[in-house]
Amino acid sequence: MSGASTLFDKIWAEHEIARDGSGQSLIAIDRVFLHERTGAAALTSLAEAGRAPIAPDRVFVTMDHIVSNRPGRGADEARTPTGGAFITATREAAKAAGLRLVDVDDPRQGIVHVIAPELAAALPGLTLICPDSHTCSLGALGALAWGVGSSEAEHAIATGAVRLQKPPQMRVRITGALHPGVTAKDLALHIIAAHGAGGGLRSAIEFTGEAVTALSLEERLTLCNLAVEFAAFTAIIAPDESVFEHLNGRSFAPAGPLWGEAVAHWRALHSDAGAHFDHEIEICADDVAPRITWGTSPGQGAGFDEHAPNPAKAPPDKRASLMRALDYMGLEPGQALTGLSIDGAFIGSCTNGRLSDLRAAADLLRGRSVAQGVRAICVAGSQSVKRAAEAEGLDTVFREAGFEWGEPGCALCFYAGGETFAPGARVISSTNRNFEGRQGPGVRTHLASPATVAASAVTGQITDPRTLAGAAAEAAE
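Rules behind the numbers
Residues numbered from 1 in each chain as written. Predicted model: local features only at pLDDT ≥ 70, side-chain atom pairs only at ≥ 80, totals over all residues. Heavy atoms only, no water. Buried < 20%, exposed > 50% of the residue type's maximum accessible area, 1.4 Å probe, protein only. Helix = DSSP H or I, 4+ residues; strand = E, 2+ residues; numbered from the N terminus. Arc of directions from axis to C-beta. Polar contact = N/O pair within 3.5 Å; in protein donor to acceptor, adjacent residues only side chain to side chain. Pairing = 2+ DSSP bridges. Expected span 1.5 Å × (residues − 1). Contact = heavy atoms within 4.5 Å. Lys, Arg positive; Asp, Glu negative; His and termini not counted. Salt bridge = Lys/Arg side-chain N within 4 Å of Asp/Glu carboxyl O. Phe/Tyr/Trp six-rings, centres within 6.5 Å; stacked < 30°, edge-to-face > 60°. Axes fitted to C-alpha atoms, helices over the stretch in contact; angles between N-to-C directions. 1 Å grid on protein atoms, 1.4 Å probe; cavity = no way out; pocket = protein on both sides within 12 Å on 5 of 7 lines; lining within 4 Å. Points joined across faces, edges and corners; volume = space filled by probe spheres on them. Nonpolar A, V, L, I, M, F, W, Y, C, P; charged D, E, K, R; others polar. Core = buried A, V, L, I, M, F, W, Y, C linked by side-chain atoms within 4.5 Å. Parallel < 35°, antiparallel > 145°, perpendicular 65-115°, else oblique. Left-handed = near helix turned anticlockwise from the far one by under 90°.

Explain helix α14 (residues 383-391) here, please?
Structurally, the α-helix is built with 3.6 residues per turn, so residues lying three or four positions apart point the same way. Restricting attention to buried positions, one finds in α14 the residues Q383, V385, K386 and A389. Down the axis of α14, the sector holding all buried residues measures 160°, keeping them to one side. The N-terminus of α14 is capped by S382, whose side-chain oxygen sits 3.3 Å from the backbone nitrogen of S384. Immediately downstream of α14, the backbone of G393 shows phi near 80°, a positive value.

Laid out in structure tokens, this is it:
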């Protein structure tokens, strides 16, 4: 169809200021998000250059990456030995620049990709950047959001724009319906395993199809979050009534007559029939089952009825990397994953630290206890999530089961030089990366859904959550 545009095309066109002869475009940026791990670097450099933010009210700063998760933490307390300096420097720089600061003791505090939808600081059709690769999470609201370096963030704060080459586009259509007990995390890990960790081809991915429409907003955030692990430039989902309902009345959402105007505009944010995509992938949701990673890439995963691969049966160019992953993870070729003993369990992160994630885990933890020898930790993605969970009594469920209940932040999603799991520990985690050393020196990380983490924590071994969910259902009858 002539003139048909993708959702990405429409937002890009609305924000393209100019284009040079090399194909680079100058793109207007509506929101910039900073955190304490890199925020001070961008703001200090800006100040030293004698520049001021062009629109201070469009820049949000939060404390999430290295802030302590210890109950009763102090305002400057970090989980890394020298992290306190990053917190204080970012706080001082944000205040000096007149930016919107969500500090450690702010009731809105949390992981940037969790609080942005909570505050409606992320909205359909906006462009957003942050020095964090998982900024693509916010595409779940129909926003064009991607991760950048600190220097690009600094440039956007000073000028309101960044220079960018328009990426290729990919449509990932997910047909059918997910089975009960299969989560958005399982779906994302299935896609990455099926098409490889590089399968996103640095494209702007639009997730479409009836299975995507059926996902809640929190599930869509999980799906878009993991697009960067698929080597995508970003991910986006056309906004619908569930998104509009979530945003209505929140702090930075349009209000009054502007609300109706905004929704009318947002309803036009979808790909036209016949719009061109450079790449197409189709996934049948019926084929997706709960998954667990076995290796050191999110693409190295399997279903619970599968085994770790045998490198000898792989193409010659793949054997060395597979063998290295197996060696690091302490696995034998062909070894079963189900029943593998674990030492630690972590629930949280920008991938799976929202209220629905905690509810799913708590459903399996009620009346059960964490296995002896397993250190289990749960950290809500934001203060808002933590308050809501505590109002429902979920914190009691976690504590009575033997989980530690921490203050919001990125926590043990990544190693920052402070407290972590013991070297060589085997950990099951609801996070997004399982690279060598990601959760600490020598730590072996298996990625999974919150339900799988909870089920494995109570059995002390990697466990298909459907086995415990079935037992719980029978007991309730």
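Moving on from the model shown.
Even after reading the chapter, I still don't get the pairing of strand β1 (residues 16-19), so can you show me in this structure?
Residues in a regular strand project their side chains so that they alternate between the two faces of the sheet. Pairing between β1 and strand β2 (residues 24-28): three bridges, direction antiparallel. When the sheet's bridge partners are listed, A18 is paired in β2 with L26. Where β1 folds back onto β2 in an antiparallel hairpin, the turn is made up of four residues, including G23, whose phi is positive at roughly 95°.

Could you clarify how one ought to interpret the side chain of R171 in this entry?
With respect to the helices, strands and loops of the structure, R171 is situated in strand β9 (residues 169-175). Separated by 2.7 Å, the side chains of R171 and E280 make a polar contact.

What should I look at first to understand helix α3 (residues 83-97) in this one?
Along its 15 residues, α3 runs 21 Å from first to last C-alpha, staying within 8% of the 21 Å computed at 1.5 Å per residue. Within the sequence span of α3, burial applies to G83, G84, I87, T90, R91, A93 and A94. Looking at the packing, one finds that the buried side of α3 touches β3 (31-35), α2 (39-48), β4 (59-62) and β5 (100-102). One or two steps after α3, the chain reaches G98, where phi turns positive at roughly 70°.

How should I be thinking about the side chain of R31 in this particular structure?
Along the chain, R31 falls in strand β3. D30 provides the closest opposite charge to the buried, unpaired R31, separated from it by 5.8 Å. A polar atom in the side chain of R31 sits 3.1 Å from the backbone oxygen of A121. The contacts of R31, once residues within four sequence positions are left out, are R58, F60, A121, L123, L126, T127, L128 and I129.

Just checking my understanding: could you explain the packing of aromatic side chains for this structure?
The description of an aromatic ring pair rests on the distance of the ring centres and on the angle between the ring planes. Overall, the coordinates contain eight aromatic pairs when judged by the stated rule. Residues F60 and F252 carry aromatic rings whose centres are separated by 5.1 Å and whose planes lie at 90° to one another, so their mutual orientation is edge-to-face. Residue F60 is located in strand β4, and its partner F252 is located in the loop between α9 (241-247) and α10 (257-266); the two are separated by 192 residues in the primary sequence. By relative accessible area, which is 6% here, F60 ends up buried. Grouping aromatic residues by their ring pairs yields a cluster made of F33, F60 and F252.

When you look at the sheet that holds strand β17 (residues 403-406) in this model, what are you seeing that I'm missing?
Strands pair in a sheet through their backbones, by hydrogen bonds, and they do so in one of two ways: parallel or antiparallel. On the basis of which strands lie adjacent, the open sheet formed by five strands has the order β17-β16-β15-β18-β19 and parallel pairing. Two strands in the sheet have a free side with no partner beyond their single neighbour: β17 and β19 (444-447). The sheet shows a mean angle of 20° between the axes of neighbouring strands, direction not considered. Here strand β16 (residues 375-379) pairs with β17 via four bridges, running parallel. Bridging across to β17, A376 finds its partner in F403.

Help me understand the layout of surface pockets, please; the structure alone is not making it clear to me.
To locate leftover empty space, one rolls a probe as large as a water molecule over the atoms. Computed from the structure, the largest pocket encloses a volume of approximately 420 Å³. Mapped onto the lining of the largest pocket, the elements with two or more residues apiece are α6 (184-195), α8 (217-225), α13 (355-365), α16 (450-459) and α17 (465-476). Here the element with the most residues in the lining of the largest pocket is α13; it accounts for five residues. Its residues assigned to classes, the lining of the largest pocket shows seven nonpolar, six polar and six charged. What the second largest pocket holds in volume is close to 320 Å³. For the second largest pocket, the lining is made up of 16 residues, of which A193, W294, G299, Q300 and L322 are closest to its centre. With three residues, helix α11 (residues 316-329) is the single largest residue contributor to the lining of the second largest pocket. Of the residues assigned to the lining of the second largest pocket, the class counts are eight nonpolar, seven polar and one charged.

Help me out: how do you make sense of the nonpolar core in this one?
Here is a general trend for soluble globular proteins: nonpolar side chains tend to be buried in one another's company. With 89 residues, the main nonpolar core has V32, W146, V172, I174, I191, F207 and W266 as its most contacted residues. If you look at the next biggest cluster of nonpolar residues, it comprises 54 residues, including L326, L337, A380 and A454.

Is there a simple way to explain the packing of α13 against α16 in this structure?
In a pair of packed helices, the angle between the axes and the distance between the axes together describe the arrangement. Following both chains from N to C, one finds α13 and α16 inclined at 30°, their axes separated by 8 Å at the closest point. Classed by the angle they form, the pair α13 and α16 counts as roughly parallel. Along this stretch, α13 crosses α16, giving a crossing that reads as right-handed. Within the contact between the two elements, α13 uses D357, A361, L364 and L365 and α16 uses P450, A451, A454, A455 and V458. The residue makeup of the contact of α13 with α16, split by class, is eight nonpolar, no polar and one charged.

Please clarify how the packing of α6 against α8 should be interpreted in this entry.
In the contact formed by α6 and α8, the axes pass within 8 Å of each other and the chain directions differ by 25°. As judged from the angle between their axes, α6 and α8 are roughly parallel. As for the relative orientation of α6 and α8, their crossing is right-handed in sense. On the side of α6, the interface is formed by A184, K185, L187, A188 and I191, while α8 contributes E219, T222 and L223. Taken together, the residues of the contact of α6 with α8 sort by class into five nonpolar, one polar and two charged.

When you look at the pattern of salt bridges in this model, what are you seeing that I'm missing?
Oppositely charged side chains are able to pair whenever their charged atoms sit close together. Counted under the stated rule, the structure contains 20 salt bridges. The residue K166 makes a salt bridge to D9 at a minimum N-O spacing of 2.8 Å. Of this pair, K166 sits in the loop between β8 (161-165) and β9 while D9 sits in helix α1 (residues 7-15); the two residues are 157 residues apart in sequence, bridging distant segments of the chain. The buried category is assigned to D9, whose relative accessible area is 17%. The closest approach of N and O atoms between K386 and E407, which form a salt bridge, is 3.6 Å. Here K386 is found in helix α14, whereas its partner E407 is found in the loop between β17 and β18 (426-429), with 21 residues between them in sequence. Judged by relative accessible area, E407 falls into the buried class, the value being 15%.

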